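The primary structure of each chain is shown beneath.
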Amino acid sequence: MLKILLVSKDNSSLSGLSSALSARSDIKLAESPSGEKALEMISQRAFDLVVADEDLGDMKALELSRRLLKINPMINCALVSDLSAEEFHEASEGLGIMAKLPKEPGAKDANELIKNLKQIMGLLV
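Now for a description of the structure that goes with this document. (Residues numbered from 1 in each chain as written. Predicted model: local features only at pLDDT ≥ 70, side-chain atom pairs only at ≥ 80, totals over all residues. Heavy atoms only, no water.)

1. Some words on the overall build of the protein chain
- Assigned secondary structure in the protein chain consists of five helices and five strands.
- On C-alpha atoms alone, the protein chain measures out to a radius of gyration of 13 Å, which is about the 14 Å that the 2.2 N^0.38 rule sets for 125 residues.
- Principal axes of the C-alpha set define a box for the protein chain whose edges measure 35 × 30 × 30 Å.
- By residue count, 46% of the 125 residues in the protein chain fall in the buried class.
- In the protein chain, the share of contacts with a sequence separation of at least 24, taken over all contacts with a separation of at least 6, comes to 62%.
- If the 15 positive side-chain charges of the protein chain are averaged to one point and the 19 negative ones to another, these points end up 6 Å apart. (Helix = DSSP H or I, 4+ residues; strand = E, 2+ residues; numbered from the N terminus. Rg over C-alpha atoms; globule rule 2.2 N^0.38 Å. Buried < 20%, exposed > 50% of the residue type's maximum accessible area, 1.4 Å probe, protein only. Contact = heavy atoms within 4.5 Å. Lys, Arg positive; Asp, Glu negative; His and termini not counted. Charge placed at Lys NZ, Arg CZ, Asp CG, Glu CD.)

What follows is the structure, given as structure tokens:
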């Protein structure tokens, strides 16, 4: 069972992704309304993946990923961003971000994300 934490101040922005992930029997979803709450949750229990919306209200997704490294440098992280691929790479270099997601990601993005996560975790042959 994959444990995934969705972090967003606005439930609607990740709703397509959330719906697609929660429909899968191999995934257990948790949600956080802010970066600080997400950091608290991550320090208390293990997650295989954290997916963060670009603006979390109390911090940006890139700041959350920087702070995640201090708690668990092995945690997989995907961020929503409207930066170009080049700008995103520059801004996130060294943070170990596994994926950049588009605004309002949906089922296609969820399937690709889970496929990549399973590959990273050695769950796909």
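2. Observations concerning the sheet that holds strand β2 (residues 27-32)
- If you walk across this open sheet you meet the five strands as β2-β1-β3-β4-β5, and the pairing is parallel. Each edge of the open sheet carries a strand with a single partner, namely β2 and β5 (99-101). Strand-to-strand twist in this sheet, taken as the mean axis angle between neighbours without regard to direction, amounts to 20 degrees.
- In terms of strand pairing, strand β4 (residues 76-80) meets β5 through three bridges, oriented parallel. Bridge pairing in β5 places A78 opposite A99.
- Where helix α1 (residues 15-22) meets the sheet, its contacts fall on β1 (2-7), β2, β3 (49-52) and β5, and the angle it forms with β2 comes to roughly 150 degrees. (Pairing = 2+ DSSP bridges. Axes fitted to C-alpha atoms, helices over the stretch in contact; angles between N-to-C directions.)

3. What about unusual backbone geometry?
- Of note in the backbone geometry, E104 takes a positive phi value of approximately 50 degrees without being a glycine.
- As for its position among the elements, E104 is in the loop between β5 and α5 (107-120).

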